[in-house]
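Chain by chain, the residues:
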Protein chains: 2
Amino acid sequence: MRLSEGVEWTVHCCTLLAGLPPDAALSAKKLAEFFDVPPDYLAKHMQQMSKAGIVNTKKGPNGGYSLAKPARDITLLDMVEAIDGRVCSFKCTEIRQRGPSGVSPCSYKTPCGIARAMRKADQVWRDELRKTTLADLQIIGLRETPPEQMNKAITWLKGLFT
Amino acid sequence: MRLSEGVEWTVHCCTLLAGLPPDAALSAKKLAEFFDVPPDYLAKHMQQMSKAGIVNTKKGPNGGYSLAKPARDITLLDMVEAIDGRVCSFKCTEIRQRGPSGVSPCSYKTPCGIARAMRKADQVWRDELRKTTLADLQIIGLRETPPEQMNKAITWLKGLFT
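A quick note: this is a predicted structure, and the numbers were derived from the prediction, not measured. (Residues numbered from 1 in each chain as written. Chains lettered and ligands numbered in written order. Predicted model: local features only at pLDDT ≥ 70, side-chain atom pairs only at ≥ 80, totals over all residues. Heavy atoms only, no water.)

Draft legend 1. Focus on the overall build of chain A. Regarding its fold elements, chain A presents 7 helices and 2 strands. Each helix and strand of chain A, ordered N terminal to C terminal, gives the series α-α-α-β-β-α-α-α-α. Taking 162 residues into account, the globule formula puts the C-alpha radius of gyration at 15 Å, and chain A, at 21 Å, lies well above it. On the principal axes, the C-alpha backbone points of chain A span a range of 70 × 35 × 25 Å. Every one of the 162 residues in chain A was classed for burial, and the buried ones make up 50%. Nonlocal contacts in chain A, meaning residues at least 24 apart in sequence, comprise 68% of its contacts between residues at least 6 apart. Here chain A displays about 8100 Å² of accessible surface, and carbon together with sulfur accounts for 53% of that area. (Helix = DSSP H or I, 4+ residues; strand = E, 2+ residues; numbered from the N terminus. Rg over C-alpha atoms; globule rule 2.2 N^0.38 Å. Buried < 20%, exposed > 50% of the residue type's maximum accessible area, 1.4 Å probe, protein only. Contact = heavy atoms within 4.5 Å. Areas by Shrake-Rupley, 256 points an atom, 1.4 Å probe, with all protein chains shown as cover.)

Draft legend 2. Molecular detail of the packing of aromatic side chains. Under the criterion given, the structure shown has 4 aromatic pairs over all chains. Between A:Phe34 and A:Trp156, the aromatic rings sit 4.9 Å apart at their centres with planes inclined by 55°, giving tilted as the arrangement. Placement of A:Phe34 in helix H2 (residues 28–35) and of A:Trp156 in helix H7 (residues 147–161) is noted, with a sequence separation of 122 residues between them. Comparing A:Phe34 with A:Trp156 shows no difference in burial state: the two are buried. Measuring from centroid to centroid gives 4.9 Å for B:Phe34 and B:Phe35, while their planes differ by 85°, and the two rings are edge-to-face. No difference in accessibility class separates B:Phe34 from B:Phe35, as the two residues are buried. (Phe/Tyr/Trp six-rings, centres within 6.5 Å; stacked < 30°, edge-to-face > 60°.)

Draft legend 3. Inspection of the environment of B:Ile114 at higher detail. Along the chain, the position of B:Ile114 falls in helix H5 (residues 113–130). For B:Ile114 and B:Pro21, which are 93 residues apart along the polypeptide, the C-alpha to C-alpha distance reads 49 Å. Discounting chain neighbours no more than four positions away, the residues touching B:Ile114 are A:Val11, A:His12, A:Thr15, A:Leu137 and B:Phe90.

Printed below as a string of structure tokens:
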């Protein structure tokens with residue numbers, strides 16, 4: 001089972017947006033250029049981030065995406081769920097109710113034990129993703145990005161905003 | 001992101017195999033009949049369980065699948081990984097290295113912080129699945145299966161083994 005590539009793309013985009021000057025925005029085209037990913041697919045994924053209330057969209061020549069709230073208030077789970085949804089990775093189709101031993105659905109008083117264990121694991125996965133905020137990722141990025149890359153990124157951004 | 005339906009099918013099959021008399025086995029055809037699932041797909045998934053060392057395969061007229069080890073020694077994670085593999089649900093394609101700010105791959109001293117957080121969450125998911133054994137699922141099944149279903153299941157099994 002695999003998460004959409006859109007998760008990687010949009011989380012990286014949000015870490016970049018978190019470092020923009022106040023009131024600045026970046027278009028999907030510019031974000032796609034920065035990370036060298038397909039602009040059309042990225043635009044679709046950024047619209048999902050917008051619908052989830054993680055980024056704002058500003059129209060016009062200097063328009064584009066900016067964070068809709070402080071980076072410390074956006075969790076990794078928020079971003080993952082914006083792209084991948086909130087549906088449990090395990091789909092219970094109630095096969096226990098089928099075949100020669102199946103009985104009336106109302107005879108089953110509890111959800112299937114297998115489904116319960118799978119949902120618990122899905123929950124701990126989400127709980128773990130909730131522990132990391134975009135601000136945490138931004139700090140890690142600032143600390144670990146190679147200095148040469150940091151300089152090139154700042155030059156690229158300055159070219160857009162000055 | 002969704003696990004294969006084969007996970008639900010095979011885990012249920014293993015709970016049934018865990019309740020068989022010693023030396024008894026069930027064919028993929030009979031397992032498929034019991035759970036009313038497509039025999040060909042189930043056979044493919046049961047072969048994955050066999051390759052993972054969870055079930056044994058016995059040839060011949062009374063052949064079929066049986067557990068390869070005690071139910072207490074088979075975890076839910078073993079069964080999930082037999083079908084779904086051990087690959088992390090997040091695929092890092094190193095987009096940080098791309099675009100106008102990318103630098104030489106050897107400049108990156110640590111895995112990307114986003115990938116690290118995602119891998120940690122994948123790990124806690126697997127750790128949680130490891131906590132439940134097939135014996136636990138069997139006990140839950142024995143306790144919670146409607147009595148009417150239990151009687152029908154026993155009748156069905158007796159018809160095969162007597």
